[in-house]
Amino acid sequence: MNVHTSTARDERSRPVHVGEHLREWRQRRHLSQLDLAGEADISARHLSFVETGRAMPSREMVLKLAERLDVPLRERNVLLVAAGYAPAFPQRSLDDPMLKSARQAIDLVLKAHEPNPALAYDRHWNLVTANRMVAPLLDGIPQRLLGQPFNVLRLAFHPEALAPRTVNLAEWCGHLLERLHRQCEATADPELIKLYNDLRSYPIPARSGPLPPDNNVAIPLKLRLNGEILSFISTTMVFGTPVDVTLSELALETFFPADELTAMRLRQMAAELK
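Since the structure is predicted, the reported quantities are computational estimates derived from the model, not experimental observations.

Enquirer: Looking at this structure, I do not really get the overall build of the protein chain. What am I missing?
Expert: A tally of helices and strands in the protein chain yields twelve helices and five strands. When the backbone C-alpha atoms are referred to their principal axes, the protein chain occupies close to 65 × 45 × 35 Å. Relative to its full complement of 274 residues, the protein chain shows a buried share of 43%. The long-range share in the protein chain, meaning contacts at least 24 apart out of those at least 6 apart in sequence, stands at 59%. Carbon and sulfur atoms make up 54% of the accessible area of the protein chain, which amounts to about 14400 Å² in all. Averaging the locations of the 33 positively and 33 negatively charged side chains of the protein chain gives two centres separated by 1 Å.

Enquirer: What exactly am I supposed to notice about the confidence of the model for the protein chain here?
Expert: The predicted structure's coordinates, where accompanied by low pLDDT, should not be read in detail. Residue-level pLDDT values for the protein chain average 91, and 91% of them are 70 or greater. For the stretch residues 5-12, pLDDT sits under 50, and the model shows seven contacts to residues farther than four places along the chain or on other chains.

Enquirer: Hey, could you run me through helix H10 (residues 190-200) in this one?
Expert: Residues that lie three or four places apart on an α-helix share one face, since the helix turns once every 3.6 residues. Restricting attention to buried positions, one finds in H10 the residues Leu 192, Ile 193, Leu 195, Tyr 196 and Leu 199. All buried residues of H10 project into a common sector of 160° when viewed along the axis, lining one side. Between the side-chain oxygen of the N-cap and the backbone nitrogen of Glu 191 there are 2.8 Å, and the N-cap of H10 in question is Asp 189.

Enquirer: Mind showing me how you'd approach the packing of aromatic side chains here?
Expert: To describe a pair of aromatic rings, you give the distance between the ring centres and the angle between the ring planes. Overall, the coordinates contain three aromatic pairs when judged by the stated rule. Taken together, a centroid distance of 6.3 Å and an interplanar angle of 85° make the contact between Phe 232 and Phe 255 edge-to-face. In this pair, Phe 232 sits in strand S4 (residues 228-238) while Phe 255 sits in strand S5 (residues 251-257), placing the two residues 23 residues apart along the sequence. The burial state of Phe 232 is the same as that of Phe 255; both residues are buried. When the ring centre of Trp 25 is taken as reference, the NZ or CZ atom of Arg 28 above it lies at 4.3 Å.

Enquirer: Help me understand the pairing of strand S3 (residues 221-225) in this model?
Expert: Where a strand is regular, its side chains alternate between the two sheet faces. Taking every second residue as pointing to the same face, the buried face of S3 carries Leu 221, Leu 223 and Leu 225, while none of Lys 222 and Arg 224 on the other face is buried. The sheet contact formed by S3 and S4 spans five bridges and is antiparallel. Across the sheet, residue Arg 224 finds its bridge partner in S4, namely Ile 229. Turn length for the S3-S4 hairpin, with the two strands adjacent in sequence and antiparallel, is two residues, and the turn residue Asn 226 shows positive phi of about 55°.

Enquirer: Mind showing me how you'd approach the state of the cysteines here?
Expert: Note on terminology: a disulfide is the covalent bond linking the sulfur atoms of two cysteines. By the definition in use, this model includes zero disulfides. The thiol of Cys 173 is not disulfide-bonded; the next cysteine sulfur, from Cys 184, is found 16 Å away.

Enquirer: Is there a simple way to explain the environment of Ala 161 in this structure?
Expert: For Ala 161, the position within the fold is in the loop between helix H8 (152-157) and helix H9 (169-187). Separated by 111 residues in sequence, Ala 161 and Glu 272 have C-alpha atoms that sit 23 Å apart. Ignoring any residue separated from it by four or fewer positions in sequence, one finds Ala 161 in contact with Ile 141, Leu 145 and Leu 155.

Rules of the game
- Residue numbers restart at each chain and count upward from 1, following the sequence in its written direction.
- For a predicted model such as this one, the threshold for reporting local features is a pLDDT of at least 70, and the threshold for listing and counting side-chain atom pairs is 80 or more; totals across whole chains, interfaces and linings nevertheless cover every residue.
- Hydrogen atoms and water are omitted, and side-chain values are computed over all heavy atoms in the structure.
- Only DSSP runs of H or I with at least four residues qualify as helices, and only runs of E with at least two residues qualify as strands; both kinds are numbered from the N terminus onward.
- Under the scheme applied here, a residue whose accessible area is under 20% of the maximum for its type counts as buried, over 50% as exposed, and between as partly exposed, the area being computed with a 1.4 Å probe on protein chains only.
- Contacts were defined at the residue level, with two residues in contact if any of their heavy atoms lie within 4.5 Å.
- In short, Shrake-Rupley with a 1.4 Å probe defines the accessible areas, and a residue's cover is counted only from the protein chains shown.
- In summary, the charge assignment counts Lys and Arg as positive and Asp and Glu as negative, without counting His or the chain termini.
- A charge is said to be at NZ when it belongs to Lys, at CZ for Arg, at CG for Asp and at CD for Glu.
- The pLDDT score gives, residue by residue, the confidence of the prediction method on a 0 to 100 scale.
- This arc is built from the directions going out from the helix axis to the C-beta atoms.
- Polar contacts here mean pairs of N or O atoms no more than 3.5 Å apart (in protein, one a potential hydrogen donor and the other a potential acceptor; neighbouring residues in sequence count only if both atoms are side-chain atoms).
- Centres within 6.5 Å make a pair out of two Phe, Tyr or Trp rings, where for Trp the six-membered ring is used; the pair is then stacked when the planes are under 30 degrees apart, edge-to-face when over 60, and tilted otherwise.
- Definition used: whenever NZ (Lys) or CZ (Arg) falls within 6 Å of the ring centre and also within 35 degrees of the ring normal, the charge is taken to sit over that ring.
- Only when DSSP finds a minimum of two bridges between them are two strands counted as paired.
- Throughout, a disulfide means two cysteine sulfur atoms within 2.5 Å of one another.

Right, dumping it as structure tokens:
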């Protein structure tokens, strides 16, 4: 999917019935009607009737097709409503008592990851929470850029935030843009598409050539801090079997030291924060 084309299409027209929604998701997943019908154990003829509005799918069929198409939970609710059914997946704030155990799990992971930095963000990359090791890395950034909730990606690209401190700016931001592009393709979320286009307008240098040998495992984040270069590799965690929209869209980013200097400085920072 070309994010620019998707934006234009979204502005021109929106699906008017569940069949159009399903057809868009099928095409986004590059599946033929025959492929999807086979995976959902229905006839291609019946699927064609559903997509054209000549047949109305049952609630169970909507959910089955959405699962086969790997539709995000938020959009599965949209499909259900378009078909005349009630949403199946609740959306609660993390402060909701029903999500208390999930919030405790998030806090536990963030705390246990210290002295290494870790943070959690929502589907649009807005910060939800972070452990105490993130703040020292943001020291000196103008407070107006750190208002809650701030956007994690905008902070990485902004010329007054992390961009001037990022030694391998072209590689790191190129990596982030590729991740965001994949999200745009997977979700077709208008806000993510807008974010992607906004980030492309920042003055980030293009990659000059092949990645250096030390990047053959993972692209590190290299930050200049107090005259030294700290190097991190990151991993992303998501909830494995969420049935709540908020949890399904939450991601935890954990950073690990990529060298001994970084590990030592993080331990020192943690000691100073006590």
